[in-house]
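# Coordinate inspection notes
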Amino acid sequence: MSTATAAAAAASTSLSSSTLRRSSTSSRILANPCRSLSGRLLSSSAAQFPLGPVSAMATSGASAEGASRKNLLIFDAEEDLAASLAEHTAGLSEKFVAERGAFTVVLSGGSLIKALRKLAEPPYLEAVDWTRWHVFWADERVVPKDHADSNYKLAMDGFLSKVPVLANQIYAMNDTLAAEGAAADYESRLNQLIKNGVIASSPATGFPKFDLMLLGMGPDGHIASLFPGHPIVHENQKLVTYVQDSPKPPPERITFTFPVINSSAHIALTVTGAGKAGAVHKTLSGNGRSSDLLPVEMIEPQDGEMTWFTDKQAVSMLSSL
Ligand SMILES: O=C(O)[C@H](O)[C@@H](O)[C@H](O)[C@H](O)COP(=O)(O)O
């Protein structure tokens with residue numbers, strides 16, 4: 001047994017009664033999300049944990065229709081995290097291209113983009129069917145596309161310019177509009193792409209069902225541009241909304257809403273560094289009251305799978321590890 005596997009096995013045992021159990025209604029399964037491009041399961045360099053109660057069905061490796069699953073991966077080194085995130089993303093790309101002829105992938109800002117760097121290297125650079133990718137943003141800052149604060153620019157410079165994604169399948173925010181108009185414009189473009197079948201629709205929620213949503217988390221527990229205590233975290237009608245008073249600069253942003261995030265088929269949440277340990281602890285110890293949930297605690301896939309990609313520093317406050 002490798003060190004990582006042994007650590008995972010030992011920790012899985014302690015998790016059955018540990019602080020990592022979440023109070024959620026969904027079944028959880030331990031699923032290694034790391035698949036080769038041919039779908040073969042690969043061993044991960046991470047310690048892996050299911051989150052929440054593990055049902056009999058789950059332990060057999062089966063997954064129930066309509067069930068959602070959460071899994072926690074912990075890496076010793078950022079290099080390993082990046083390798084696993086690339087493999088996870090490439091595996092999902094292959095699966096969705098085979099199943100539906102397209103792969104809808106959603107990016108956000110921050111350190112996530114650097115963590116995606118290995119997708120632009122062999123073997124993924126050649127093996128991924130980039131022409132089937134449709135790229136969106138979970139949130140964007142309301143600045144021109146060539147501004148240093150733009151999430152579009154960050155992703156183009158750090159990732160998208162290095163892979164052959166088709167330019168007309170990269171859906172950037174309209175940067176000629178103010179925040180409210182830019183959010184409405186992005187929503188109407190999403191609706192058009194749902195109508196023509198590029199973006200799937202969730203039978204469970206009626207909201208768009210993106211194949212993979214790649215998110216980061218701020219030290220305050222925000223995801224996308226959904227910040228703690230901001231009223232838009234409760235938006236339940238719109239697909240895309242906006243803020244004009246973001247506590248993280250710049251203040252004006254557009255963002256996907258929770259119903260869209262939680263309708264995703266897969267969510268990959270990349271969280272590294274000691275500065276995030278408090279929010280990780282609050283979320284994974286599951287003690288939050290419904291009145292004071294951090295945005296990250298409000299991620300609850302309705303019919304999908306969520307994988308945390310973390311490092312040791314980010315989980316350093318979890319007492320059971
Ligand atoms: O545009 C943004 O500001 C982001 O989309 C935001 O949600 C980001 O992902 C987190 O703040 C994590 O950023 P770091 O990983 O850099 O801490």
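With 17 residues, helix H7 (residues 179–195) extends 24 Å between its outermost C-alpha atoms, agreeing within 8% with the 24 Å of an ideal straight helix rising 1.5 Å per residue. Ala179, Ala182, Ala183, Tyr186, Glu187, Leu190 and Leu193 are the residues of H7 that are buried. For H7, the buried positions fall inside an angular range of 135° around the axis, keeping them on one side. Turned more than 90 degrees from where H7 packs its buried face, Glu180 and Lys195 sit exposed. The elements touched by buried residues of H7 are strand E4 (133–137), strand E9 (240–243) and strand E10 (253–256). Of the residues one or two after H7, Gly197 is the one with positive phi, at around 85°.

Right, let's talk about the sheet that holds strand E5 (residues 139–141) for a bit. Overall, antiparallel pairing links the three strands, which are arranged E5-E10-E9 in an open sheet. The open sheet is flanked by E5 and E9, the only strands paired with a single partner. For this sheet, the mean inter-axis angle between neighbouring strands, taken without regard to orientation, is 20°. Taken together, the three bridges between E5 and E10 define a ladder with antiparallel strand orientation. Within E10, the residue paired with Arg141 across the bridge is Arg253. With respect to the sheet, H7 is in contact with E9 and E10, its orientation differing from that of E9 by roughly 165°.

The subject of this paragraph is the site of the ligand. The full set close to the ligand counts 16 residues, and Ser111, Asp139, His222, Ala224 and Lys248 are the nearest of them. At 2.9 Å from an oxygen atom of the ligand is found a main-chain nitrogen or oxygen belonging to Gly109. At a separation of 3.2 Å, an oxygen atom of the ligand approaches a polar side-chain atom of Arg253. If the ligand stood free it would expose 420 Å²; the protein chains cover 90% of that surface. A class-by-class count of the residues in the shell around the ligand yields three nonpolar, eight polar and five charged.

With 88 residues, the main nonpolar core has Trp133, Phe136, Leu160, Met213, Phe256, Leu269 and Trp308 as its most contacted residues. A per-element tally of this core places helix H3 (residues 78–100) first, with seven residues.

Another point: helix H6 (residues 151–158). Among the residues of H6, those classed as buried are Asn151, Tyr152, Ala155 and Met156. Seen end-on, H6 carries its buried residues on one side only, within an arc spanning 130°. In this structure, the buried residues of H6 make contact with strand E3 (103–107), helix H4 (112–115), E4 and E5. Where H6 begins, the capping side chain belongs to Ser150, and its oxygen is found 3.1 Å from the backbone nitrogen of Tyr152.

The rules behind each value
- Residues numbered from 1 in each chain as written.
- Predicted model: local features only at pLDDT ≥ 70, side-chain atom pairs only at ≥ 80, totals over all residues.
- Heavy atoms only, no water.
- Helix = DSSP H or I, 4+ residues; strand = E, 2+ residues; numbered from the N terminus.
- Expected span 1.5 Å × (residues − 1).
- Buried < 20%, exposed > 50% of the residue type's maximum accessible area, 1.4 Å probe, protein only.
- Arc of directions from axis to C-beta.
- Contact = heavy atoms within 4.5 Å.
- Pairing = 2+ DSSP bridges.
- Axes fitted to C-alpha atoms, helices over the stretch in contact; angles between N-to-C directions.
- Near = heavy atom within 4 Å.
- Polar contact = N/O pair within 3.5 Å; in protein donor to acceptor, adjacent residues only side chain to side chain.
- Areas by Shrake-Rupley, 256 points an atom, 1.4 Å probe, with all protein chains shown as cover.
- Nonpolar A, V, L, I, M, F, W, Y, C, P; charged D, E, K, R; others polar.
- Core = buried A, V, L, I, M, F, W, Y, C linked by side-chain atoms within 4.5 Å.

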